[in-house]
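Below are the chains, spelled out letter by letter.
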Amino acid sequence: ACTSVPVDERGPADAPTIDDVAGREPVPTIQLLTKTAANDPSRFELSRMIVEAWQEAGIDAELLPVDDAQLNARTFTGKDYDAFVVSYGPTPERLDPDNLLSRFQSDGATDAGSNVSMFVDPGYDAAYLEQNQADDAETRRAAVEEAQRILYDEVPVVPLIYPVVGAAYRSDRWEGIEPAVGYPLFNVWNATAATPLDDRDTLVVGTVFDPPTLNPVLVDTLESQIPLSLVYDTPLAIDADGETVERAAESVEVSGSEVTLTLRDGMTFSDGTPVTGADLAFTVEYLRDTAAPLYAAGLSGVSGVAADGQTVTITLAAPAAAFTDVTLTQLPILPQHVWSTVADPTTFTNDAPVGSGPFVLEQRRIGESLSFAARTDHYDAPAADRLELAILGSFEAGISALTSGEIDLYDDVQPATQYQSLKEADGVTVVETQSHGWRGLHLNTSRAPFDDRAFRVALRALVPYDDLVDVVMEGAAEPGGSVIAPSLEQWHDPDLAPFEYDAGAAMEALADAGYAFGPDGRLYYPETGS
Amino acid sequence: MSAAIATVGWQAAQRVWRTPGAKLALIGFGLFVLVALIGPWIAPYDPFARLQLANGEPARSIPPSLEHPFGTTSYGRDVLSQVIWGTRRTLVVGFVGALVTVVIGVNVGLVAGFAGGRTDALLMRITDSAYALPFLPFAIVLVGILGRSDVVLLLAIAALFWRTTARVVRAQVLSLKQRPFVRAAVVGGARPRRVLYRHIAPNVVSLAMLYGLFLVTEAVIAEASLSFLGLAPPDSISWGTIMFDAFTSTELNTTWWWAFFPGLAIMLFVLCMSLLGRAYESAQAHRWESRQP
Amino acid sequence: MATDTTPPVTADPPAPERRRGGRPLARFLLSRLLQMMVTLAVLVPLTFLLFRAVPGDPAAAVVGPDMDPAVADQLRERYGLDQPLPQQFLSYCLALLQGDLGTSFQYKVPVVDVLGDRLVNSAVLVVPAVLLAVAIGIGLGAFAATSGRRFDEGVRTSAFVIKASPIFWVSTLALTLFGLTLGWVPSLGMFSPGEGGDGLTRFLSLDFLHHLALPLTILVLYYLVEPTLTMRTSMKEVLDQEFIELGRAQGLPRRRIVYRHGARNAALPVVTLAPALVDNIIGGQVIVETVFSWPGMGRGVVEAVNNYDYPMMQGIFLLTAVTVIVVNAVIDVAYAYLDPRVRLA
Amino acid sequence: MTGPGLDVRGLAVTYRGAHGDRQALEHLDLTVAPGRTVGLIGRSGSGKTTAGKAVLGLLPRTATVTGEVRFDDTDLLTMPERHRRRLRWEHLALVPQAAMSALDPVMAVDAQIAEVVRAHRDVGRKAALALAHQSLERVGIHADRASSYPHQFSGGMRQRALIAMATVLEPSVLVADEPTTGLDVIVQDRVLELLVRAKEELGLALLVVTHDLGVANELCDHVVALEHGRVQATGTPAQVLNRPADAGVVVPRPAGEAAPALEVSGVTVSFAGGRGLAALRRSSELTVLRDVSLTVGRGEVVGLAGESGCGKSSLAATLVGLTSVDDGAIRVAGHELAAGDRADWRPLRRHVQMIFQDPYDSLNPRLRVRDAVAEPLVAQRLAADDADRDRRVTQALDDAGLTPVADYLDRYPYQLSGGERQRVAIARALVVEPRVILADEPVSMLDEHTAAGVVRLLADLARRLDVAVLLVSHDVSLLRRVCDRVAVMYLGRIVEQGPARDVLDTPRHPYTQALVRAVPSRVPGQRRARVLLDGEPPSLRHRPTGCAFHPRCPKASASCAGDDPPLTDLAPGHGAACWHPVAVAAEKGGARA
Ligand SMILES: Nc1ncnc2c1ncn2[C@@H]1O[C@H](COP(=O)(O)OP(=O)(O)OP(=O)(O)O)[C@@H](O)[C@H]1O
Ligand SMILES: Nc1ncnc2c1ncn2[C@@H]1O[C@H](COP(=O)(O)OP(=O)(O)OP(=O)(O)O)[C@@H](O)[C@H]1O
Ligand SMILES: [Mg+2]
Ligand SMILES: [Mg+2]
Ligand code: NI
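None of the values given here were measured: they were computed from a predicted structure.

Peer 1: Explain the environment of Glu201(D) here, please?
Peer 2: When you line up the elements, Glu201(D) lands in helix α7 (residues 185–202). When its relative accessible area of 47% is taken as the criterion, Glu201(D) is described as partly exposed.

So this is what it looks like as structure tokens:
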């Protein structure tokens, strides 16, 4: 017979109890915000399980699923929450630790600031700054380790799981496709490397994400970057292993706050104009000055740009380690002769983008498809003649389209289990990669009881990590630990062990801090004055 | 007027019962209502519980069997229990939606038809405009703007569905107004309010009930459609949300039962209601209007 | 005396209006146009209020784990949502008059640019579905009304069952069965990736028809119910009428009576069904487009909602309403043309 | 040219139904020889139409027909449908009962006739149309109207078109089912004339189905009376139609001037015409009553006659305040209401009451008799208490002749017969003890016997309770029987007014004369001279100039089109609005002939 998943062995074994609650306040009900089951079923499941475990342990908690916008408004832009479940995707920029670490700086701990957990810790700020401005790898790594250790110990955030993400392609038709970090299959490397095994000439990539715009000034989501990266070259790029490598730039030199790039010779934009350092210099200033949502933040530290032939020197106000690894690996090189004539870049649709990338946009049909033609004169010329991005109506549509062969490659950052049914499909290869993104629990350290580290530690110990991995993720995940995922080997601190469910430790932490369960079964704050 | 509704309602039920072919629908309807009322006590499992097999494996995607007559979902939940729990929300939305709509529709129709002139013209232009708004896009947008909640859903239903009832009632009132017995009431010295509520309104009640019955099915389908599109209130369970889960699970081709049974429930319920409506209609047809002694 | 002799039977009143489609029709058109304007005049402020009273926040959809919160203010400013409401309404109306529905939050391009394609995509699915459904419905209804009890009952029962079956259920199951399990039809979109092509000729390709088959079939089935039932009832009523009986008495062949006199009259109410069916038609379209990933207006509205793209929602909403109003007006006029009682009234 | 006749033997029809079988016709025998007319008469539902259709083989499949229908020595009933179909219209034609709906509304009239022609004769479109036009011409519909659609025709024209359609192939047998029901008497007269002419010209064997004994009397050589599907009597009209058990003549009111209870002077009423935007324009207003003046004294019964649509009901509605007055004054029981005075009618409601035409619909279906009758008392708060109310309700029902009252108090309208309903309506009018009762065609929907009872009751009440009664009716013989005075309306004007006998026996206005004479005589053997007025009844929308009657008036002169004649007294108390009133002496002789 079927039974519900037992939550036994989790009882508050040696929970601190008291008979007299005089002089104590009860801990209010904790609200855990999450997305609705409709928006994100597995996140909803994770959250439900956590709340159930907390309740089981005697802590009053309730689940509050809300819409995307409401969730964002209450958390990222409002900070009006107790705890919420977040999902940090495995985006390329997160291959560098700076992106995640930057989210815990004290000066971002305002209602509209980027420090969602409202975490304030001067020691952390120092560590963050050090890694950000370090100019040698060793110092930076040490500072990164220090920063992640502080987050691990102070618990403003609890990474719950690192999902294993899946992707799949028709290996009976294409070769040369290799899994990479970030988006494992759909990236510029595979787009150019994919080679047909038969006489087909178009690589058809399925996606549920309809890239909203091809105007770099307007692009505001990381996902929209991918089509952009096919059309526009970037000076640097992150390769399949997560290393920063040269791309349009032949060489890059960093000395203190000065970055010097030398562009390849002989590159042309798709309209035939040669690519020069002036274009890159223009781009840097243009995207900074037009406040392009995706790039302006990274470029804000640029205090000066100078171009000389193919060489460009960028001066930063202060050294920034992430500038090369994050900003320059994303930055599309724009043709100055096109953009300098654009009257209002915010209404410019950029229907026929002129770039120096390996592909040119042939046609874009909103909600249906984008098709690209390969540029044979590119230094990394694609093996296939064309690439088509087919916009799908739903994730499941992509699964069936790959099965039936309507698409060749499908890479929609989803847990690997979602690709399960493809494993049996003929001619399809499913790729599973350990994500460097994670799902986690942000705790609002600016309000009680989350302002108390002991309480945060207790809550963290009451999360049933194994169940999250086994039941919700169906095994396609690793239990959480540091904010820098273990898969980012060069930054992850291996000393920080994965979390484990440990009710005893939780109760101990509560008892030590003076919390106790009253005769009514509720948890009470420590006695005031003590 | 509520007394009129009560008597008309009871007499209607009796007559419908005697109408051939309606018994089955009435029984089916009764069953649905019963399930909605006592669902939580008869559901074999917690609808949200992730079930395990005896060997500790999650009870994922089990086809219909004795143990799980409607099978289980890919999360290992019992579909039958979900359908049973979903009945309540579905029916509540259906009936409350229909009630609100009928009340609005009947009153708009009564006032427009009876007052005539400018009031009528204005109300009818508004009704026309309501006809220009197709329900589903309207509701989707409304939910998108005001948030996913039952109140918004009912608002959407109430905001549009009254239009048919209003039109029909208005037409009825216009014809009643010209009927000699209403003119006779005026000649007899009845004031407008008395004419409207004593002579006209009771003759509209059975029509309103009929539209009420049909509106229940419309509201149920509306709720289910929105839920299916993922616009149900968070954490709610209805036949539509079960199907939404099934549809977005990517495992529909291996767990057809997940979507099949909640859909079947909707179909049977709607069928029951339409059959009832028809039975009521035919039971009503010659009752009061009979010209034969 | 004059009255006692039989006078020649003469002097009927003069024919009131002999020019067909003359002034009465023009007057009718004019009044219909005016009525349309009034409806629009009610709708436009209503839409505006609906969307602006609860101002949309394009930032909310974007700022999140992947985006810096600082971007939010920047975006709000860009979409000019900080102006006072009356001023916004004015600029909204002025823009509307120029056919400008605003700029999509999501796509960053004018809403009309996106909607044009989507409207065409919806039309190629819905228009054939409606036409087929009406044609088949009229035929089936007429046939059911005039054929034996058993067939008639069968048609009626099937109609009721189809009517009771939610379309999302039917489409989901059909997609699962024919698309996924049996693999007879493609499961998504309008074209196989890589096909597509350009211009309207792409809708003539085999690939398109293959994609069209299942959603079209489901829509036709779904749309079929009302015309069939209406035609059936109306046909039965017409067949009970005196002029049909007279046709029999006149010795006209049965088929001629039923189809030339009966069906022609009975089909008129089917035409007037249109306004009442709008909900059906558009509701079915939204669902089918969503289930089959059909890039039309229906899926557009769902996507717009999921992306908090208010200008897009508003645009679709208004465009749908206008389409409905115009189509209804056209149908009214068509009806007036078909029925001499209206045309020459 | 004379074709074969029709011979029906032992015809019986049974309808199979969900609730068992129903024998609609039992053993009917009749013979219609060429050039002869046989009438089938009887009350509604007695099986007349069934018989007519059975003859043509037009009954639905649920009907079982036995017996013999012999035409030209063959039995139509045993003939295969294929053959029968060919016979129909070529030899046996029908003028169906419902002229209003017997023509296909979406097809031009001449095209419909041509279609029949082409179904039977191998002729081209043109030739068929020509034949259709010829046939329409014969019934007085000219080519320029022939291609109209049915809705553009008046009722009379449609009936004529149907006759044209039935005779286009010059059949031998014609079955005319209620050919004049629903038509105005003057139009009826013309249609009857047409039928007779067609019969004579074509040598038809004519079978007429009617419930109007007058029509049967005038038209038929032989009559078969049906009752519940059984032949009740058969023979010549003289043998079958004994003079109807008349309501007897109501006791006339004692002579002398009655104190006026209701006075109307110069009342003009118009309605906003048209629909939609047209309603906003003043020019589309429709004046339905023009300068109407009328007096009804206490205890007096005044009749109001006129053809359909002339404004009789509008006047009645105006007098109870259901319609507002543009001009003129109304004085009821001492209360004066001036024009434009939309003022409160409420104080007058207890003095003026109305009885509506349709007994089946003038009672609220949801109120019991008790409540229906009490309604005016409750609405006007006239009863002192419940006991008083009950007493007055009982009294009113008793006055209305519903005894024993207790039997009726708790019934719903659907449990009452038409006559009983009308009596409840009368009781409701009486319960407030009004001074004036307006009865708008109170008996036109009742069968003759019931109608006689109701009318006698009204007249009796007028005498007994001293109530003034305005009786609206188009039934001249009814008015003759019960009224003290009669007013005749034409297109919203009163064209003649005076003592009932004077007006009805010696009409002075040509219209009244036509109206009175057009009523088919029910005296067996009496053949009346037909009136046969020109043209169609005019509509208010196209009101002729001057004397509105002049386009149809046999005596009209050029001047008639100029000025509208005033109502002038031609004899004491007897006025007519005509430039050329009918001479008295000549008329007297004519009427008696
Ligand atoms: N198709 C039918 N099926 C069953 N019963 C019928 C059918 N047609 C007529 N009847 C019944 O047969 C009886 C005779 O009807 P018929 O139409 O012949 O009456 P009628 O004398 O013409 O009456 P009316 O004056 O009202 O036209 C009625 O009781 C009627 O209800
Ligand atoms: N509410 C109204 N609006 C516009 N026209 C009306 C209205 N009521 C009546 N009429 C018109 O007024 C004219 C007189 O109608 P009324 O009912 O008074 O005639 P009637 O003499 O009672 O006829 P009948 O003998 O057919 O009852 C008709 O032409 C009618 O169409
Ligand atoms: Mg009859
Ligand atoms: Mg009348
Ligand atoms: Ni003369």
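Peer 1: Mind showing me how you'd approach the domain arrangement of chain D here?
Peer 2: Residue and element names in this part refer to chain D. Per the domain assignment, the segments of chain D are domain 1 (6–102 + 173–241) and domain 2 (260–272 + 282–499). Taken over C-alpha atoms, the centre of domain 1 sits 39 Å from the centre of domain 2. At the interface, four residues of domain 1 touch four residues of domain 2. Interface area, domain 1 with domain 2, both sides summed: about 290 Å², of which 46% is carbon and sulfur. Area buried by domain 1 at its contact with domain 2 is led by Arg43, Asp184 and Leu213, which between them contribute 79% of it. There are zero salt bridges connecting domain 1 and domain 2.

Peer 1: Where do I start with the site of ligand 1 in this structure?
Peer 2: All names here are of chain D. Of all residues adjacent to ligand 1, which total 14 residues, the nearest are Arg22, Ser44, Gly45, Thr49 and Thr50. Between ligand 1 and the protein, one listed contact pairs an oxygen atom with a backbone N or O atom of glycine 45 at 2.7 Å. The side chain of threonine 50 places a nitrogen or oxygen atom 2.5 Å from an oxygen atom of ligand 1. Within the complex, 68% of the 640 Å² of free accessible area of ligand 1 lies under protein. Elements with a minimum of two residues in the shell around ligand 1: β2 (20–32) and α1 (48–56). A total of three residues in the shell around ligand 1 trace back to one element, the largest contributor, which is α1. The residue inventory of the shell around ligand 1, partitioned by class, reads three nonpolar, seven polar and four charged.

Peer 1: What should I look at first to understand the confidence of the model for chain D in this one?
Peer 2: All names here are of chain D. In the predicted model, chain D carries a mean pLDDT of 82, and 89% of its residues have values of at least 70. Segment residues 274–282 is flagged for pLDDT under 50; beyond a separation of four residues in sequence, or across chains, it makes nine contacts in the model. Long-range and interchain partners of residues 586–593, a stretch whose pLDDT sits below 50, account for six contacts in this model, where long-range means more than four residues apart. What the predictor reports for the complex is a pTM of 0.80 with an ipTM of 0.77.

Peer 1: Explain the packing of aromatic side chains to me, please; I cannot follow it from the model alone.
Peer 2: Centre-to-centre distance and the angle between the planes together describe a pair of aromatic rings. With the rule as written, the count across this model stands at 40 aromatic pairs over all chains. Judged by centre distance (5.6 Å) and plane angle (40°), the ring pair of Tyr465(A) and Phe499(A) falls under tilted. Of this pair, Tyr465(A) sits in helix α14 (residues 465–472) while Phe499(A) sits in the loop between β21 (477–479) and α15 (503–513), and the two are 34 residues apart along the sequence. By relative accessible area, Tyr465(A) is classed as buried at 1%. Aromatic pair Trp239(B) and Phe269(B): ring centres 6.2 Å apart, planes at 65°, arrangement edge-to-face. One end of the pair, Trp239(B), is in helix α10 (residues 239–248); the other, Phe269(B), is in helix α11 (residues 256–285), and 30 residues separate them in sequence. In terms of burial, Trp239(B) and Phe269(B) fall into one category: buried. An aromatic cluster of three or more residues is present, and its members are Phe70(B), Trp256(B), Trp257(B), Phe260(B), Phe261(B) and Trp169(C). Note that Arg140(A) overlies the ring of Trp491(A), its terminal NZ or CZ placed 4.7 Å from the centroid. Directly above the aromatic system of Tyr152(A) lies the positively charged group of Arg460(A), at a separation of 5.2 Å from the ring centroid.

Peer 1: Would you take a moment to explain the sheet that holds strand β11 (residues 260–271) of chain D for this structure?
Peer 2: Note on sheets: strands pair through backbone hydrogen bonds, and any given pair is parallel or antiparallel. All names here are of chain D. Read from one edge of the open sheet, four strands run β12-β11-β14-β15, paired in antiparallel fashion. Edge positions in the sheet fall to β12 (286–297) and β15 (335–337), since each has one partner strand and no second. Sheet twist, expressed as the average angle between the axes of neighbouring strands with direction ignored, equals 15°. Bridge count between β11 and β12: eight bridges; the pairing is antiparallel. When the sheet's bridge partners are listed, proline 260 is paired in β12 with glycine 297. Here helix α10 (residues 312–319) sits on the sheet and contacts β11, β12 and β14 (327–332); the angle it forms with β12, its principal contact strand, is near 65°.

Peer 1: Looking at this model, I keep getting lost on unusual backbone geometry. Mind explaining?
Peer 2: Most peptide bonds adopt trans geometry, and most residues besides glycine take a negative phi value. With an omega of -5°, the peptide bond between Ala448(A) and Pro449(A) qualifies as cis. Here Pro449(A) shows up in the loop between β20 (438–443) and α13 (453–461). In this model, His228(D) sits at a positive phi of 50°, which is unusual for a non-glycine residue. Along the chain, His228(D) turns up in the loop between β9 (222–227) and β10 (230–235).

Peer 1: Looking at this model, I keep getting lost on the nonpolar core. Mind explaining?
Peer 2: Nonpolar side chains in soluble globular proteins tend to end up buried together. By size, the foremost hydrophobic cluster in this structure holds 155 residues, and its most contacted members are Leu110(B), Phe135(B), Ile140(B), Ile200(B), Leu229(B) and Phe269(B). Other than its neighbours up to four places away in sequence, Phe135(B) contacts Ala156(B), Ile157(B), Leu160(B), Phe161(B), Ala222(B) and Asp279(C). Counting 103 residues, the second largest nonpolar core, distinct from the first, contains Ala184(B), Val488(D), Ala500(D) and Cys553(D).

Peer 1: Which parts of the structure should I look at to understand the site of ligand 2?
Peer 2: All names here are of chain D. Looking at ligand 2, the residues that line it are Phe271, Val288, Ser308, Gly309, Cys310, Gly311, Lys312, Ser313, Ser314, Glu441 and Leu540. Separating an oxygen atom of ligand 2 from a side-chain N or O atom of serine 313 is a distance of 2.6 Å. When the free accessible area of ligand 2 is taken as 640 Å², the share hidden by the protein chains comes to 62%. Top contributing element to the shell around ligand 2 by residue count: α10, with three residues. Looking at side-chain class alone, the shell around ligand 2 contains four nonpolar, five polar and two charged residues.

Peer 1: What is the right way to look at the interface of chain A and chain B in this model?
Peer 2: It is common to give the size of an interface as the accessible area that goes away when the parts come together. On the side of chain B, 24 residues touch chain A, which itself brings 25 residues to the contact. Counting the surface lost from both chain A and chain B, the interface buries some 2,200 Å², and carbon and sulfur atoms represent 48% of this. Joining chain A to chain B, the criterion identifies one salt bridge. A salt bridge links Arg77(B) to Glu45(A); the nearest nitrogen and oxygen atoms lie 2.5 Å apart. Inspection of the region where chain A meets chain B yields one residue pair in polar contact (both at pLDDT 80 or more). Going through the elements one at a time, β1 (3–4), α1 (41–56), β3 (61–66), α12 (395–404) and α14 of chain A are the ones with two or more residues in the side of chain A that touches chain B. If you tally residues by element for the side of chain A that touches chain B, the top one is α1(A), at seven residues. Here the side of chain A that touches chain B is built from residues that sort into twelve nonpolar, six polar and seven charged.

Calculation criteria
Think of each chain on its own: its residues are numbered from 1, step by step along the sequence as written. Think of it this way: whatever chain is written first is A, whatever ligand is written first is 1, and the rest follow in order. Totals for whole chains, interfaces and linings use every residue, but because this is a predicted model, local features are given only for residues with pLDDT of at least 70 and side-chain atom pairs only at 80 or more, for both listing and counting. Heavy atoms throughout the structure, all of them, feed into the side-chain values; hydrogens and water do not. Think of it this way: any DSSP run of H or I at least four residues long counts as a helix, any run of E at least two long counts as a strand, and we number them from the N terminus. Buried means the residue's accessible area, taken with a 1.4 Å probe over protein chains only, is under 20% of the maximum for its type, while exposed means over 50%, and partly exposed covers the values in between. Marked domain ranges trace back to an automatic or database domain assignment. Pairs of residues are marked as contacts when any of their non-hydrogen atoms sit within 4.5 Å. When two parts are put together, the accessible area they lose, computed with a 1.4 Å probe and summed over both, is reported as buried area. Just to be clear on terms, a salt bridge is a Lys or Arg side-chain nitrogen sitting within 4 Å of an Asp or Glu carboxyl oxygen. When at least one non-hydrogen atom of a residue lies within 4 Å of a molecule or strand, that residue is treated as near it. Counting of polar contacts relies on pairs of N or O atoms within 3.5 Å, with two restrictions inside protein: one atom must be capable of donating a hydrogen and the other of accepting it, and residues adjacent in sequence are counted only when both atoms are side-chain atoms. Note on areas: Shrake-Rupley, 1.4 Å probe, and residue coverage restricted to the protein chains presented here. Residues are grouped as follows: nonpolar covers Ala, Val, Leu, Ile, Met, Phe, Trp, Tyr, Cys and Pro; charged covers Asp, Glu, Lys and Arg; every other residue, Gly included, is treated as polar. Confidence scores labelled pLDDT are given residue by residue by the predictor and lie between 0 and 100. Two aromatic rings from Phe, Tyr or Trp, using only the six-membered ring of Trp, form a pair when their centres are within 6.5 Å; if the ring planes differ by under 30 degrees the pair is stacked, by over 60 it is edge-to-face, and anything between is tilted. By the criterion adopted, a ring carries a charge over it if an Arg CZ or a Lys NZ lies within 6 Å of its centre and within 35 degrees of its normal. A pair of strands counts as paired when DSSP detects no fewer than two bridges linking them. Convention adopted: a line fitted to C-alpha atoms gives each axis, helices being fitted over their contacting stretch, and angles between N-to-C directions are expressed from 0 to 180 degrees. Joining through side-chain atoms within 4.5 Å is the link that ties buried Ala, Val, Leu, Ile, Met, Phe, Trp, Tyr and Cys residues into a set, and such a set is a nonpolar core.

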